[in-house]
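Fold and geometry: a report
If you want the building blocks of each chain, they are given just below.
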Amino acid sequence: MRLIFAGTPEFAQVAMAALHAAGHEVVLVLTQPDRPAGRGMKLQPSPVKQWALDHGVAVAQPRSLRLDGKYPEDAVAARDALQAAKADAMIVAAYGLILPQWVLDLPPKGCLNIHASLLPRWRGAAPIHRAIEAGDTQTGITIMQMDAGLDTGDMLLVLPCAIAPSDTTAVLHDRLAELGGQAIVQALAHLDALPRQVQPSEGVNYAHKIDKSEAAIDWTLSAEVLARRIRAFDPFPGMTVPLAMAAGVETLKLWQAVAEVAEGQAPAGAPPGTVLSADASGVRVACGEGLLCLTQLQRPGGKRLSAADFLRGCPLQPGQRWVA
């Protein structure tokens, strides 16, 4: 098919490469405007744009697609490019802009979305993070015929994927990106024969965008909840905790941890945030319920270190209390 592809991050780029490898012709790419990144904060193209440039595919980067919105000139230019593409369908994956009705109506076979959850669970911006945070044991890819709602369209194809107890968002993201590429290729191969399934009204919930304010650790929560959050917020934004040092307070990042249950309570009634032990096996901290054994930590400007390596440069003592 002749395809328009709308997407921005690596998750989308993997799917676009899979479509190209399967013989589909991507004739136009829509992606977010270049953003500053890196130490120099220079403008950088999105992974989707970089792939398009490397393969000689035309790129449009409208700030909005609303003809009556803040940037109508962008929307008009995008409309002209979309109409000129004469595509059979538009594939959307983590694009970052709402598609107005005129876009949804433009391709003959409509707009298909690659969504990283088992809809209707985890509609919205951060389905991978929220599934891990919630303790889900399964997620997947849903190929959806888009409508004007937020991830509310009819489902065309669903491929499940197990969530391992050790999965971080980074690890699960990569697995789902590959599965998303497989799913959209499979869906397009049988598009006219796929049954359209209306999403059930039960089980709807929303994966709200991750905010940096969620990074601060709350030791009054259970160790199990905190361990899941640490995995969910890797690589962004990372769970953080302040630590008083001789030179001042440092904000540490916590990257790996294991929940340990000691009869459901911290020993000797230690208040949440109290360091109970610190050795090569990990830093054990009292929580609202259970203990959290931190096994990978990072100081500002440093690298992620195992507990053993971290403690060589930053010794911690039992009884020391971390208060977020």
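Here the structure is shown first, and the text comes after it.
Now for a look at the structure at hand.

So, how was this worked out
- Residues numbered from 1 in each chain as written.
- Predicted model: local features only at pLDDT ≥ 70, side-chain atom pairs only at ≥ 80, totals over all residues.
- Heavy atoms only, no water.
- Helix = DSSP H or I, 4+ residues; strand = E, 2+ residues; numbered from the N terminus.
- Areas by Shrake-Rupley, 256 points an atom, 1.4 Å probe, with all protein chains shown as cover.
- Lys, Arg positive; Asp, Glu negative; His and termini not counted.
- Charge placed at Lys NZ, Arg CZ, Asp CG, Glu CD.
- Core = buried A, V, L, I, M, F, W, Y, C linked by side-chain atoms within 4.5 Å.
- Buried < 20%, exposed > 50% of the residue type's maximum accessible area, 1.4 Å probe, protein only.
- Contact = heavy atoms within 4.5 Å.
- 1 Å grid on protein atoms, 1.4 Å probe; cavity = no way out; pocket = protein on both sides within 12 Å on 5 of 7 lines; lining within 4 Å.
- Points joined across faces, edges and corners; volume = space filled by probe spheres on them.
- Nonpolar A, V, L, I, M, F, W, Y, C, P; charged D, E, K, R; others polar.
- Phe/Tyr/Trp six-rings, centres within 6.5 Å; stacked < 30°, edge-to-face > 60°.
- Lys NZ or Arg CZ within 6 Å of the ring centre and 35° of its normal.
- Pairing = 2+ DSSP bridges.
- Axes fitted to C-alpha atoms, helices over the stretch in contact; angles between N-to-C directions.
- Expected span 1.5 Å × (residues − 1).
- Polar contact = N/O pair within 3.5 Å; in protein donor to acceptor, adjacent residues only side chain to side chain.
- Parallel < 35°, antiparallel > 145°, perpendicular 65-115°, else oblique.

A few points about the overall build of the chain
- Secondary structure summary: the chain contains eight helices and 17 strands in total.
- Dimensions along the principal axes, computed over C-alpha positions, put the chain at roughly 70 × 45 × 35 Å.
- Here the chain displays about 15,200 Å² of accessible surface, and carbon together with sulfur accounts for 54% of that area.
- Counting 28 positive and 31 negative side-chain charges, the chain places the centres of these two groups 6 Å from one another.

Some thoughts on the nonpolar core
- Counting residues in each nonpolar core, the largest one holds 71 residues, and the members touching the most others are Phe5, Trp219, Leu292, Leu294 and Trp322.
- The greatest single-element share of this core, amounting to eight residues, is contributed by helix α6 (residues 169-189).
- With sequence-adjacent residues up to four places away left out, Phe5 is seen in contact with Ala12, Ala15, Met16, Leu19, Val26, Leu28, Val29, Leu30, Val48, Ile91 and Ala93.
- Leu28, Ala78, Cys111 and Leu119 belong to the second largest nonpolar core, which has 22 residues in total.

Describing the layout of surface pockets
- Computed from the structure, the largest pocket encloses a volume of approximately 1,600 Å³.
- Lining the largest pocket are 50 residues, and of these Pro9, Ala94, Tyr95, Gly96 and Ala125 lie nearest its centre.
- Among the elements of the structure, α1 (10-21), β3 (35-37), β7 (111-115), α5 (127-134), α6 and β11 (206-207) are those that each provide at least two residues to the lining of the largest pocket.
- Residues belonging to the lining of the largest pocket are distributed by class as follows: 30 nonpolar, 14 polar and six charged.
- Counted as a void, the second largest pocket has a volume near 220 Å³.

Some remarks on the packing of aromatic side chains
- By the definition in use, this model includes one aromatic pair.
- Residue placement shows Arg304 over the ring face of Trp255; its charged tip is 3.6 Å from the ring centre.

Description of the sheet that holds strand β1 (residues 2-7)
- Reading across from one edge, β5-β2-β1-β6-β7-β9-β10 is the order of the seven strands in this open sheet, with mixed pairing throughout. Every other strand in the sheet has two partners, leaving β5 (58-60) and β10 (155-162) as the edge strands with one partner each. Neighbour to neighbour, the strand axes of the sheet diverge by 20 degrees on average, direction disregarded.
- Across three bridges, strand β2 (residues 25-30) lies against β5 in parallel orientation. Looking at β5, one finds that Leu30 is bridged to Ala60.
- Here α6 sits on the sheet in contact with β1, β6 (89-93), β7, β9 (138-145) and β10, set at roughly 150 degrees to β10.

A closer look at unusual backbone geometry
- With an omega dihedral of 25 degrees, the bond running from Asp234 to Pro235 counts as a cis peptide bond.
- One can find Pro235 in the loop between α7 (223-232) and β12 (239-245).
- For the bond from Phe236 to Pro237, the omega torsion is -5 degrees, close enough to zero to count as cis.
- Following the sequence through the fold, Pro237 ends up in the loop between α7 and β12.
- Even without a glycine there, the phi angle at Trp122 is positive, about 65 degrees.
- One can find Trp122 in the loop between β7 and β8 (123-124).
- The phi dihedral of Asp151 is positive, around 55 degrees, even though this residue is not glycine.

Re α6
- Over its 21 residues, α6 extends 30 Å from the first C-alpha to the last, a length consistent with the 30 Å expected when each residue adds 1.5 Å.
- Buried residues of α6: Thr169, Leu172, His173, Leu176, Ala177, Leu179, Gly180, Gly181, Ala183, Ile184, Ala187 and Leu188, and no others.

Here's the deal with the side chain of Arg284
- Counting through the fold element by element, Arg284 comes out in strand β15 (residues 282-286).
- Within the structure, Arg284 has its side chain in polar contact with the side chain of Ser281 (distance 3.2 Å).
- Setting aside its immediate chain neighbours within four residues, Arg284 contacts Glu260, Thr274, Val275, Leu276, Ser277, Asp279, Leu292 and Cys293.

Topic: α1
- Across its 12 residues, α1 extends 16 Å between first and last C-alpha, which sits within 8% of the 16 Å expected from 1.5 Å per residue.
- For α1, the complete set of buried residues consists of Phe11, Ala12, Gln13, Val14, Ala15, Met16 and Leu19.
- Gly23 sits one or two residues past α1 and shows a positive phi near 100 degrees.

Side note on the pairing of β1
- Across the six residues of β1, five count as buried, placing the element largely inside the fold.
- Of the pairings in the sheet, the one linking β1 to β2 comprises five bridges and is parallel in character. When the bridges of β2 are listed, Ile4 appears paired with Leu28.
- Here β1 pairs with β6 via five bridges, running parallel.

A word on the packing of α1 against helix α2 (residues 47-54)
- Packing of α1 against α2 brings their axes to within 8 Å, and their N-to-C directions diverge by 30 degrees. Considered as vectors, α1 and α2 are oriented roughly parallel to each other. Of the residues in α2, those touching α1 at Glu10, Ala12, Gln13, Met16, Ala17 and His20 are Pro47, Val48 and Trp51.
- Here the contact of α1 with α2 is composed, by residue class, of six nonpolar, two polar and one charged.

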